[in-house]
Amino acid sequence: MRTMASATLEALRRTRASVRGLAELLLERPGPYARAFDDLILALIVLSVASIGVEAIPELPAGAVRALRWGEIVIVAVFSLEYLLRIIAAKKKLAFIFSFPGLVDLLAIAPFYVGGFDARWLRALRLLRLLRVLKLQTHVLEDTVAQRTRELAEKNALLEKAQAQLQEELAVARALQLAILPGTFPAKAGCDGAARMIPATTMGGDFYDFIELPQGQIGLVMADVSGKGVPAAFFMAVARTNLRDLAPQHTNPGACLAATNEALCAENPMDLFVTVFYAVLEPQTGMVRYANGGHNPPYLRRADGAIEALDGRGGPILGVLPGATFPTYTLQLRSGDRVVLYTDGVTEAFNPANEAYGEPRLVNEVRVHGGEAPAALVERICESVASFSGSAPQSDDITLTVLSWNAP
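Residues numbered from 1 in each chain as written. Predicted model: local features only at pLDDT ≥ 70, side-chain atom pairs only at ≥ 80, totals over all residues. Heavy atoms only, no water.

### Topic: the pairing of strand β2 (residues 206-212)
For clarity, the cut-off: The buried label goes to any residue with under 20% of its type's maximum accessible area, the exposed label to any with over 50%, and the partly exposed label to all in between, with areas taken from a 1.4 Å probe on protein chains only. In this description a helix means any DSSP run of H or I spanning at least four residues, a strand means any run of E spanning at least two, and both kinds are numbered starting from the N terminus. In short, DSSP must find at least two bridges between two strands for them to pair.
The element β2 is extensively covered by neighbouring structure, given that six of its seven residues are classed as buried. Note: β2 against strand β3 (residues 218-225), seven bridges, orientation antiparallel. Following the sheet pairing, Tyr208 is matched in β3 by Met222. Taken together, β2 and the strand that follows it, β3, pair antiparallel across an intervening segment of five residues, in which Gln215 is found at a positive phi of about 60 degrees.

### Topic: the packing of aromatic side chains
Selection criterion: Classification of ring pairs rests on two measures: the distance between centres of Phe, Tyr or Trp rings, Trp counted by its six-membered ring, which must be within 6.5 Å, and the angle between planes, read as stacked under 30 degrees, edge-to-face over 60 and tilted in between.
Tallied over the entire structure, the rule returns six aromatic pairs. Among the aromatic residues, those joined into a ring-pair cluster are Phe185, Tyr208 and Phe210.

### Quick look at the pattern of salt bridges
Cut-off, in case you're wondering: Should a side-chain nitrogen of Lys or Arg be within 4 Å of a carboxyl oxygen of Asp or Glu, the pair is scored as a salt bridge.
Enumeration over the complete set of coordinates arrives at seven salt bridges. The salt bridge partner of Asp209 is Arg244, with a shortest N-O separation of 2.7 Å. In this pair, Asp209 sits in strand β2 while Arg244 sits in helix α7 (residues 229-246), placing the two residues 35 residues apart along the sequence. Owing to a relative accessible area of 1%, Asp209 belongs among the buried residues under this scheme. Here Arg244 falls in the partly exposed class, since its relative accessible area comes to 30%. For Glu372, the salt bridge is made with Arg380, and the minimal N-O distance between the two is 3.5 Å. Look at Arg380 and you get partly exposed, because its relative accessible area is 36%.

### Quick look at the sheet that holds strand β5 (residues 287-293)
Selection criterion: Fitted lines through C-alpha atoms serve as axes, helices being fitted only where they are in contact, and the angles separating the N-to-C directions of these axes extend from 0 to 180 degrees. Any pair of residues with heavy atoms lying within 4.5 Å of one another is described as a contacting pair.
Strand order in this open sheet of five strands is β2-β3-β4-β5-β8, and the pairing throughout is antiparallel. Edge strands, defined here as strands with exactly one partner in the open sheet, are β2 and β8 (329-332). Each neighbouring strand pair of the sheet contributes to a mean axis angle of 20 degrees, computed without reference to strand direction. Running at roughly 20 degrees to β2, α7 makes contact with β2, β3 and β4 (274-282) of the sheet. Of the strands in this sheet, β4 and β5 touch helix α8 (residues 253-266), which is tilted by about 30 degrees from β5.

### Observations concerning empty space enclosed by the protein
What counts here: Two kinds of site are reported from a 1 Å grid over the protein atoms alone, namely cavities, where a 1.4 Å probe fits but cannot get out, and pockets, open sets with protein on both sides within 12 Å along at least five of seven lines, and residues are called lining when an atom falls within 4 Å of a point. Grid points are joined across faces, edges and corners, and a volume is the space filled by probe spheres set on the points.
By the definition in use, this model includes one cavity of 30 Å³ or more. Taken as a whole, the largest cavity holds about 70 Å³ of empty space. Lining of the largest cavity is provided by Leu220, Phe277, Ala279, Val288, Tyr290, Leu310, Leu331, Val339, Leu341 and Leu403. Secondary-structure elements contributing two or more residues to the lining of the largest cavity are β4, β5 and β9 (337-342).

### A closer look at the layout of surface pockets
What the second largest pocket holds in volume is close to 210 Å³. Looking at the second largest pocket, it is lined by 15 residues, and the ones nearest its centre are Val385, Ala386, Ser389, Gln394 and Ile398. With four residues, the single largest contributor to the lining of the second largest pocket is helix α11 (residues 374-389).

### As for the nonpolar core
To keep things clear, this is the line we draw: By convention a nonpolar core is built from buried Ala, Val, Leu, Ile, Met, Phe, Trp, Tyr and Cys residues, the set being connected through side-chain atoms within 4.5 Å.
The biggest cluster of nonpolar side chains holds 49 residues, and the ones touching the most others in it are Phe207, Val221, Leu257, Val274, Val276, Tyr278 and Leu333. Top element by residues in this core is β4. It accounts for seven residues. Here Val221 is in contact with Phe207, Tyr208, Asp209, Ile211, Leu243, Val276, Phe277 and Tyr278, once residues within four sequence places are set aside. One finds Tyr357, Val363, Val378 and Ile398 within the second-largest nonpolar core, a separate group that totals 19 residues.

None of this, on its own, says anything about what the molecule does.
Spelled out as structure tokens, the structure:
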């Protein structure tokens, strides 16, 4: 007997678990079949209410009457199953039975059990059932929207955190990039120099350099990598490192650019390129030898105020064509002369009317303020470009170097 009782209890527990599983499957969202079961209930409600009007038609064929009766039996059977499942699934069963949803569900089936098929007009109460289902779906939709809103807010918070971390890392990278550029000109009698680089984005592709070479010579570099941002900054570091390493081995500027070009062509997976003006100054004599790899020709301001662009046909850009050659030119500085090296971020700065700063404005600044110290001239030109650009965004990196020479 005990064995039989235990088996009976176990069977009841399994049955209850199965029924509860069915209730969760059909009633609880986001169950895979809950939406389909709701749609079935809605369709049965509509058919049930429509059957009231059909049954009221005079002299309705007997076959139609039988079909309506069987349809009512099916509808009540499905509604009764749902009602029982909701009671089973409810945590507080009595509270559910006497709640508004529970009473509406009961009214959907009570006319059939109380009045039989003659209580068809009471079936109109199933319209309340329709409202109950729609209300439930509205709550489900509101809960879904609220959940998606919370998820979106969490993802936005994570995105903002990641963005802040990225900006912090880029700020550190920008500081490191600017730190590798020389802050002062090498101390040489009769020579003075100053430079500034203003990136258009967090990191820039322009760079300048002052390189101390054998026999007291000084290498001057002005370069502009294609593009902006992180890729240009990485290629800028590669180009600067190669040029700085090769400069002491090649006293001829053209040969130095040729060797640098070969190195860049061999390690350029992103197909970037760089324009470079490279000069070697002999501080004792004022003799300058230079080569141009596709860069803007610097301006020379003589001590008497005359301004000219440096002669010499520029060679090709670096990093694209292996085997390229770069001619070397010479320039004899006179005491009081200034050389102004720049990137096209200066002349191609735009104002809100989309007008470019242009070379004439740069030449005018050099003419008017060229007698000042190199640092002061760099500051004057940067202020002029900023004033001209106004509220327009900076379109490219801005880099300037000014060299002055006076006979020792």
